[in-house]
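Observations on chain architecture
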Amino acid sequence: MDFQQITQQLLQAATARDDVGEWQPDTPLLGHIAELDSMAIVTFFTALEDEHGVFVDDDEVSAELFETLETLTGFVAEKLEG
C-alpha cells in the first residue's frame, strides 16, 4: 500500500465519504470538504497512530498540512519513512 492509499484510507475513515479514492493530488481538503472538521482530523491522526504506529506532535499540525491531498500525502510519507 502506498502513501496515497494510506492517506485516502485514513481520510475515508475520518470523513465517512466513499469518494475519497477518486480524489486527485490537487484536491483541496480543509475548507472544501465539509466532513473534514476538527473531529475528523483527530480521527485521522488517531488512526494513523493506531494502524501505522506514527505519532504526530500537536505543533506539526497546521491548516497548510490539510491544504490538498498532496500536502497531506507528503506529510504521511515523511512520517512513515521517518
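Whatever comes next refers back to the structure up there.
Starting afresh in each chain, residues are numbered from 1 along the sequence in its written order. Per-residue local features of the predicted model are confined to residues with pLDDT of at least 70, and side-chain atom pairs are confined, for both listing and counting, to 80 or more; whole-chain, interface and lining totals are unaffected and use all residues. Only heavy atoms go into the side-chain values, all of them from the structure, while hydrogens and water stay out.

Helix and strand assignments come from DSSP, with helices taken as H or I runs of at least 4 residues and strands as E runs of at least 2, each series counted from the N terminus. Tracing the chain through its elements places Glu51 in helix α2 (residues 38-52). A relative accessible area of 46% means that Glu51 is categorised as partly exposed. Taking the C-alpha atoms as reference points, Glu51 and Leu10, 41 residues apart in sequence, are found 9.3 Å from one another. Residues in contact with Glu51, not counting those within four places in the same chain, are Gln9 and Leu10. Note on exposure labels: buried denotes an accessible area under 20% of the residue type's maximum, exposed denotes more than 50%, and partly exposed covers the range between, all computed with a 1.4 Å probe on protein chains only. The contact rule is simple, with two residues in contact once any of their heavy atoms fall within 4.5 Å.

Another point: helix α1 (residues 3-15). Compared with the 18 Å implied by 1.5 Å per residue over 13 residues, the 18 Å span of α1 between its first and last C-alpha is a close match. Tucked inside the fold, the buried residues of α1 contact α2 and α3 (69-81). The positive-phi residue at the C-terminal boundary of α1 is Ala16, with phi of around 60°. Expected helix span is given by 1.5 Å per residue-to-residue step, counting one fewer step than there are residues.

Turning next to the pattern of salt bridges. Should a side-chain nitrogen of Lys or Arg be within 4 Å of a carboxyl oxygen of Asp or Glu, the pair is scored as a salt bridge. Counting across every chain of the model gives three salt bridges. A salt bridge links Arg17 to Glu35; its shortest N-O distance comes to 2.9 Å. Here Arg17 is found in the loop between α1 and α2, whereas its partner Glu35 is found in the loop between α1 and α2, with 18 residues between them in sequence. The partner of Lys79 in a salt bridge is Glu60, with the nearest N and O atoms 3.0 Å apart. One end of the pair, Lys79, is in helix α3; the other, Glu60, is in the loop between α2 and α3, and 19 residues separate them in sequence. On the basis of relative accessible area, Lys79 is assigned to the partly exposed category, the value being 22%. Exposure remark for Glu60: the relative accessible area of 27% places this residue in the partly exposed category. Taken together, the salt bridges that share partners define one network made up of Arg17, Asp19 and Glu35.

Here we come to the nonpolar core. Soluble, globular proteins show a tendency: their nonpolar side chains are buried together. To qualify as a nonpolar core, a set must consist of buried Ala, Val, Leu, Ile, Met, Phe, Trp, Tyr and Cys residues joined through side-chain atoms within 4.5 Å. If you look at the biggest cluster of nonpolar residues, it comprises 23 residues, and the most contacted ones within it are Leu11, Leu29, Leu36, Phe44, Phe45 and Phe66. Mapped onto this core, the elements with two or more residues apiece are α1, α2 and α3. Ranked by residue count, the leading element in this core is α2, at six residues. Residues contacting Phe44, with those up to four places away along its chain left out, are Thr7, Leu10, Leu11, Ala14, Phe66, Leu72 and Val76.

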